[in-house]
Amino acid sequence: MDNLQAIMPMLIVTLAAMATMLAEAFRRKDERMPIGGLGVIGLVGAIAAAGLLWDRNAVGFGVIQADNFSLFVTVVVAVIGLFTIMFSSEVVEREGIPSGEYYTLTLFSVVGMMMMASATDLLVIFIALEIMSIAVYVLTGIKRTDAAGTEASFKYFLLGSFSSAFFLYGIAFSYAVSGSTRLDALSTAIAQSASAPGPMVWLAMGLLLVGFAFKVSAVPFHMWTPDAYEGAPTVVTGFMSTGVKAAAVAAFLRVFLSAFEPLRGDWTQLLTWIAMLTMVVGTVVGVAQTNVKRMLAYSSIAHAGYLLAGIIAASAIGKSAVLFYLASYAVANVGAFGVIAFIATRERNTGELTDFTGLWYAKPMLAVLMAVFLLSLGGFPPMAGFIAKWYIFAAAVNEGFYTLAIVGVLTSVVSVFFYLRIVVMMFMSSNKAELEVPPFGIVGTLGLALAAIATFYLGILPTRLIDLATQSISTIF
Amino acid sequence: MSLTLILLTPLVGALVLLAMPRRLEGGIKIVANVAAWAGFLVSLPLWWQFDPSSADQFQFVTRSPWIPSIGAEYHTGIDGFSALLVLLTTLMGGIAITASWSAVSLRIKEYYIALLVLQTGVIGAFIALDLLLFFLFFEVMLVPMYFLIGIWGSDRRLYSAIKFFLYTLVGSVVLLLGILALYFHLHAVTGVYSFDVTRYYTLDVPPRLQFWVFLAFFLGFSIKVPMFPFHTWLPDAHTDAPTAGSVILAALLLKAGTYGFFRFSMPMLPDATREAVPWIALLSLIGIVYGALCAMAQQDWKRLVAYSSVSHMGMVVLGLFALTPTGITGSLIQQINHGVSTGALFLLVGVVYERRHTRQIDAYGGIAAVMPLYAAIFLLMTMSSIGLPALNGFVGEVLILQGTFVVSKVWAGVAGLGIILGAAYMLWLYQRTMFGEITHDENRGLKDLGLREVFTFVPLIILAFWIGLYPKPFVDRLAPAVQRLVERVSPEIAAGAAAAVHAVPDAHAAPAVPATTHPAPGVH
């Protein structure tokens, strides 16, 4: 029974995913069915289950650990899934996405994400990674008639498989080091040889690092990001830019701060360079973009850099910085992509910057919400992004990573420039030509409002979430 | 009145506006005006209830935990200077909103929301006694101002808005790094994580760290002031901002920079402050003269006033960094004065711009003939700006010069030159716009000030005379704050400070004070 307890959130979402699949099978051709509602039920159930499991530290099958850390990430991922489903309710139909498959795949990939955060065995992490990734590859190309989507999906799949191979290779070397794929065994083995780690250890660490870096889209493994984000349907982009990143960061944290913790001094050096490069490339290239989805893709690369900085500097004060950052980035980013999805029509759905011209005159609330999300991503008070960035930089300064903090601060100033470009387009463009925005219903509006409220709430009263984040990260190191 | 109420009044107004339907234009304007002036009314008791003789550095203190895990608190309170700044903020906020009644017709709901949120941010920055809280408000000011310039501004508004935003943002993130460095130093020394400003006043910071933190703070605040060579955003922002935006920018936002020096840089980093004096004085002097020369060369009325701001703010910083009681008192008074007179000058430009839609100086001329009342108020404010005795500018400038003179005669001399140049460009501006023949036919039919417009100037005129004739109540309120700062930054002259501060205003307290301007019954 204990075994099942630990996997309860995943189990609930899996059941919901199966229910959506069945519902789709029984749907008559033109029947409208609120399939998304099943997903909502599943995700809310998962959140409730995670709440009940809090502080229980349940272990399932020896490889799934429902500790506070994984439960925190589970909730974040479930919330991302909820937002995605809420935004999708109108968009899916308008864009001609097959709804049954869409919701099923989304839910399955959520299961993968949850599992990735909870697994304590490298092989299970790999399985989770694949559950998540394959679903997302398909979601990227779910509009089969759309050339850009198919291309993006194919690229993403190829590069993703590559990185999975690296990851698997890393697992193989880890096995060679410790004779087990379990993280605790690996941890013991590495701790024993920490004074003089052999080449096997380095290979294992490096290859795993590549695999994770790919999934969080850190430079130089970020190449797939802009194409995949641009080509995928916008709601899917919102989902994968937040969910995949959250899950990957969670697993990254668990593997590197528990198993490879003894070698921390070494991998932080390497990671510092990666983080700085990621921030710089993400922002500088982001400035040159004229497509909002691409721009936000580079922004998400830059945010990966901040997240890595949080991992590097995780310590007394900044311990919970990464988790807090993850949550605040997720609500703002998923909200921003929600707005992009809402203003797209069947013909005009590529997210060009010019599509935003005069949005404020056509749909003032959408423009204001978009501005809130963008400013939060840019790290402006009183939005969540401010506290989140503050936390990361404080942690970096505290740990003596001054260069990292300075690069982070400077790139976040530059990044504001491209967020503002969108704001300028929406609010200050003199061209007041009628922008046609398709109607959107109550569910999507509610979703956007909730995301905005969360953004403000985390920015003004962050204490509660910070405490939870601190409690949860304490369980892994 | 509690500070929180003062802080929240404009915000509540903004929220009410948010809920109002867009088509109720009249209602929106009324709500905005009511909210802004209610904000002024609830802040007014600060004038009487603030007790300059109190032993506490900060009064009206409210403290409650905000983010306990990092030691951030909702900690607000005011000393004499911030009390005056809060009063100035609520007054200028009301004036700016009333002045916008007919000037803005586009998207007025959002316009007033932006103004009220901006007001909240400014008040918050002046009352925050927690570094993180201060920083939050310091940044919050940025966004509504950006929208005000970018949406309701004139010709090159996009360029100006972005420039304003990025300049200030660069400054503030560097400021943030400085705050972090201090924060961790406090933790290293005392083992406590705290942003409580008063803790830092007694903290001993090693010289090397002081230097770096001072540099970071300096960058953050001097961009906001703005000091030469970081001033280039200001003329653009002012020129393209709507009138109310310019008024608030000049009267209040720039003060956030000098307030930052006063509240944070100087008392927290006294050694670095002393080291920095020559450099800052140099930059201030360049700012004073260069700003004045630039002002003289402008063809654009508003740009001219903007450059005059650069010059005047140079004066303010110079007085502050003279580190003498007189100089600091003068600087603080002059900040209020600058708010009053430059605020009024921008309002005045706004009045004719609303009628003529041009700011070019040569588009005017002979206006005094058609708008006599306007010309009279403009004259008064010109005189206030150039420091004519009996008006407010004089008091501040004399105190600053006096305070600077004892430190360096050269500085005082150059600053004096700046004042002369100031008189030149302002009088020349007055001459070109108000006197002479009417050269443009459009100007013949210009209407003089209406009742609402006069109403916006009345408080400023009263203040100009009041501070000019009887500055004592202001100086009294500032005295304890100045005293504390001097004790911290120049302990060697702190002993005689109190006497000097009290001696100075008496010299200017004109014998015949009109009964109407006789203030401050509650000063004990």
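Because the structure is predicted, anything quoted here is derived from the model rather than measured. Each chain carries its own residue numbering, running from 1 in the direction its sequence is written. For naming, the first written chain is A and the first written ligand is 1, with later ones following in the order written. Where totals are concerned, whole chains, interfaces and linings use all residues; where local detail is concerned, this predicted model gives features only for residues with pLDDT of at least 70, and gives and counts side-chain atom pairs only at 80 or more. Calculation of side-chain values draws on the structure's entire complement of heavy atoms; hydrogens and water are dropped beforehand.

Secondary structure elements are taken from DSSP: a helix is a run of H or I of four residues or more, a strand is a run of E of two residues or more, and numbering for both begins at the N terminus. In terms of regular secondary structure, chain A is built from 20 helices and two strands. Each radius of gyration reported is based on C-alpha atoms, and the globular scaling rule is 2.2 Å times the count of residues to the power 0.38. Here chain A has a C-alpha radius of gyration of 21 Å; the compact-globule value for 477 residues is 23 Å, and the two agree. In terms of principal-axis extent, the alpha carbons of chain A reach across some 70 × 55 × 40 Å. Put simply, of all contacts in chain A between residues at least 6 apart along the chain, 82% involve residues at least 24 apart. Note on contacts: a residue pair qualifies if any of its non-hydrogen atoms lie within 4.5 Å across the two residues.

Scanning chain B from N- to C-terminus turns up 23 helices and two strands. Against the compact-globule benchmark of 24 Å for 524 residues, chain B has a radius of gyration of 22 Å, which places it among compact chains. Taken along its principal axes, the extent of the C-alpha atoms in chain B is 70 × 55 × 45 Å. Residue burial is assigned from relative accessible area. The probe radius is 1.4 Å, only protein chains are included, and a residue is buried under 20% of its type maximum, exposed over 50%, and partly exposed in between. By the burial criterion, 67% of the 524 residues in chain B qualify as buried. For chain B, restricting intrachain contacts to residue pairs at least 6 apart in sequence, the fraction spanning at least 24 positions comes to 80%.

Between rings of Phe, Tyr and Trp, where Trp is taken as its six-membered ring, a pair exists when centres lie within 6.5 Å; planes separated by under 30 degrees are stacked, by over 60 edge-to-face, and by other angles tilted. Applying the stated criterion across every chain, the model contains 65 aromatic pairs over all chains. Between the aromatic rings of Phe-221 of chain B and Phe-264 of chain B, the centroid separation amounts to 6.2 Å while the plane-to-plane angle is 15°, which identifies the pairing as stacked. Here Phe-221 of chain B, found in helix α10 (residues 207–224), pairs with Phe-264 of chain B, found in helix α12 (residues 243–268); they are 43 residues apart in sequence, far enough to count as distant. Geometrically, a lysine NZ or arginine CZ counts as sitting over a ring once it is within 6 Å of the ring centre and also within 35 degrees of the ring normal. One residue, Arg-107 of chain B, lies across the ring of Trp-360 of chain A, its end atom 4.7 Å from the ring centre.

With respect to the secondary-structure elements, Thr-74 of chain A resides in helix α4 (residues 68–95). Once residues lying within four places of it in the same chain are set aside, the contact partners of Thr-74 of chain A are Pro-9, Met-114 and Ser-118 of chain A.

Once that is clear, we can look at helix α4 (residues 80–99) of chain B. One less than the residue count of a helix, multiplied by 1.5 Å, gives the span that helix is expected to have. Taking 1.5 Å of rise per residue, the 20 residues of α4 of chain B would be expected to cover 28 Å, and the 28 Å separating its terminal C-alpha atoms lies within 8% of that figure. Where burial is concerned, most of α4 of chain B is hidden: 20 out of the 20 residues are buried.

Residue and element names in this part refer to chain A. Running from amino to carboxyl end, helix α14 (residues 321–343) crosses helix α19 (residues 442–460) at an angle of 150°, the nearest separation of the two axes being 9 Å. Of the two possible hands of crossing, α14 and α19 adopt the one that is left-handed. Contacts between α14 and α19 involve Phe-324, Ser-328, Val-331, Ala-332, Gly-335, Gly-338, Val-339 and Phe-342 from the former and Gly-444, Thr-445, Leu-448, Ala-451, Ala-454, Thr-455 and Leu-458 from the latter. Classifying every residue of the contact of α14 with α19 gives nine nonpolar, six polar and no charged. Between N-to-C directions, angles cover 0 to 180 degrees, with each direction set by a line fitted to C-alpha atoms, over the stretch in contact for helices. Crossing handedness: left-handed means the near helix sits turned counterclockwise from the far one by under a right angle, and right-handed means the same turn made clockwise. All amino acids are sorted into three groups, where Ala, Val, Leu, Ile, Met, Phe, Trp, Tyr, Cys and Pro are nonpolar, Asp, Glu, Lys and Arg are charged, and the leftover types, Gly among them, are polar.

Now for the interface of chain A and chain B. Listed as interface residues are 36 residues of chain A and, on the opposing side, 36 residues of chain B. Between chain A and chain B lies a buried interface of about 3200 Å² when both sides are counted; carbon and sulfur atoms form 82% of it. Accessible-area loss on putting two parts together, using a 1.4 Å probe and summing over both, is the definition of buried area adopted here. Ranking the residues of chain A by area buried against chain B places Trp-360, Trp-390 and Met-428 of chain A at the top, with a combined share of 22%. Definition used for salt bridges: Asp or Glu carboxyl oxygen within 4 Å of a side-chain nitrogen of Lys or Arg. Remark: the boundary between chain A and chain B carries zero salt bridges. Nitrogen and oxygen atoms within 3.5 Å of one another constitute a polar contact, given that in protein one can donate a hydrogen and the other can accept it, and given that sequence-neighbouring residues count only through two side-chain atoms. In this assembly, chain A and chain B are joined by five residue pairs in polar contact (both at pLDDT 80 or more). Taken together, the residues of the side of chain A that touches chain B sort by class into 30 nonpolar, five polar and one charged.

By nonpolar core we mean a set of buried residues, namely Ala, Val, Leu, Ile, Met, Phe, Trp, Tyr and Cys, connected to one another through side-chain atoms within 4.5 Å. Ranked by size, the top nonpolar core spans 388 residues in total, and within it Phe-260 of chain A together with Trp-301 of chain B carry the most contacts. At 19 residues, the largest contribution of residues to this core is made by α14 of chain A. Contact partners of Phe-260 of chain A, with chain neighbours within four places excluded, come to Leu-186, Ile-190, Val-201, Ala-204, Met-205, Leu-208, Val-255 and Trp-267 of chain A. Among the nonpolar cores identified, the runner-up in size contains six residues, and Ala-50, Leu-53, Ala-58 and Ala-66 of chain A belong to it.

Below, the discussion takes up the packing of α10 of chain B against α12 of chain B. Residue and element names in this part refer to chain B. α12 packs onto α10 with a crossing angle of 160° between their chain directions and a minimal axis gap of 7 Å. Taken as axis vectors, α10 and α12 run roughly antiparallel relative to one another. You can see that α10 and α12 cross each other, and the crossing is left-handed. Every residue of α12 that contacts α10 at Phe-214, Phe-217, Phe-218, Phe-221, Ser-222 and Lys-224 is listed here: Leu-253, Leu-254, Ala-256, Gly-257, Gly-260, Phe-261, Phe-264, Ser-265 and Met-268. For the contact of α10 with α12, the residue count by class is ten nonpolar, four polar and one charged. By the definition adopted for this analysis, an angle is roughly parallel if under 35 degrees, roughly antiparallel if over 145, roughly perpendicular if from 65 to 115, and oblique otherwise.

Attention now goes to unusual backbone geometry. Going from Pro-381 of chain A to Pro-382 of chain A, the amide bond is cis rather than trans, its omega being 0°. Along the chain, Val-225 of chain B connects to Pro-226 of chain B via a cis peptide bond; the corresponding omega equals -10°. Within the secondary structure layout, Pro-226 of chain B lies in the loop between α10 and α11 (233–240). The phi dihedral of Arg-107 of chain B falls on the positive side, at around 50°, and the residue is not glycine. Look at Leu-323 of chain B: it is not a glycine, yet its phi comes out positive at around 60°. By the secondary structure assignment, Leu-323 of chain B is in the loop between α14 (301–321) and α15 (325–356). By relative accessible area, which is 7% here, Leu-323 of chain B ends up buried.

The next subject is α4 of chain A. All names here are of chain A. Over its 28 residues, α4 extends 38 Å from the first C-alpha to the last, a length consistent with the 40 Å expected when each residue adds 1.5 Å. Throughout, bend refers to the angle between the axes fitted to the seven residues that end at a position and the seven residues that start at it. The axis of α4 is deflected most strongly, by about 50°, at Ser-88. Positive backbone phi, at 70°, marks Gly-96, one or two positions downstream of α4.

Residue and element names in this part refer to chain B. Judged by how many residues are buried, strand β2 (residues 72–78) sits mostly within the fold: seven of seven residues are covered. The side-chain alternation of β2 yields two buried faces, one formed by Ala-72, Tyr-74, Thr-76 and Ile-78 and the other by Glu-73, His-75 and Gly-77. Sheet topology note: the strand β1 (residues 59–67)/β2 ladder contains six bridges and is antiparallel. Within the sheet, the bridge partner assigned to Gln-59 lies in β2 and is Ile-78. Pairing between strands is defined by DSSP: at least two bridges between the two strands are required. In this structure, the hairpin formed by β1 and β2 is closed by a connection of four residues, where Gly-71 is found at a positive phi of approximately 80°.

In this section: the pattern of salt bridges. The final tally for this structure, using the stated rule, is 22 salt bridges over all chains. The residue Glu-73 of chain B makes a salt bridge to Arg-63 of chain B at a minimum N-O spacing of 2.8 Å. Within this pair, whereas Glu-73 of chain B is found in strand β2, its partner Arg-63 of chain B is found in strand β1, the two being separated by ten residues in sequence. Among the residues examined, Glu-73 of chain B registers a relative accessible area of 17% and is labelled buried. Arg-274 of chain B serves as the salt-bridge partner of Asp-271 of chain B, at 2.5 Å between the closest nitrogen and oxygen. Placement of the pair is Asp-271 of chain B and Arg-274 of chain B together in helix α13 (residues 270–296), with a separation of three residues, close to one helical turn. Overall, Arg-274 of chain B belongs to the partly exposed group, its relative accessible area being 32%. Each of Glu-151, Lys-155, Asp-227, Glu-230 and Arg-294 of chain A takes part in a single network of salt bridges with overlapping partners.

Residues and elements named next belong to chain A. For patch building, the residue pool is restricted to those with more than 30% relative accessible area and no salt bridge; the joining distance is 9 Å between like charges and 5 Å between nonpolar side chains (Val, Leu, Ile, Met, Phe, Trp, Tyr). Computed with the Shrake-Rupley method and a 1.4 Å probe, the accessible areas treat only the protein chains shown as cover for residues. Together, Leu-446, Leu-450, Ile-453, Phe-456, Tyr-457, Ile-460 and Leu-461 make up an exposed nonpolar region whose accessible area comes to about 630 Å². Note that Phe-456 resides in helix α19. Since its relative accessible area comes to 31%, Phe-456 is described here as partly exposed.

Quick look at the environment of Trp-54 of chain A now. All names here are of chain A. Inspection of the secondary structure assignment puts Trp-54 in the loop between α3 (35–53) and β1 (58–60). Placed 50 residues apart in sequence, Trp-54 and Leu-4 show a C-alpha to C-alpha distance of 15 Å. Ignoring any residue separated from it by four or fewer positions in sequence, one finds Trp-54 in contact with Asn-68, Leu-71, Phe-72, Leu-468, Gln-471 and Ser-472. Here Gln-471 takes part through its side chain, which lies 3.1 Å from a polar atom of the side chain of Trp-54.

These figures capture arrangement, not role.
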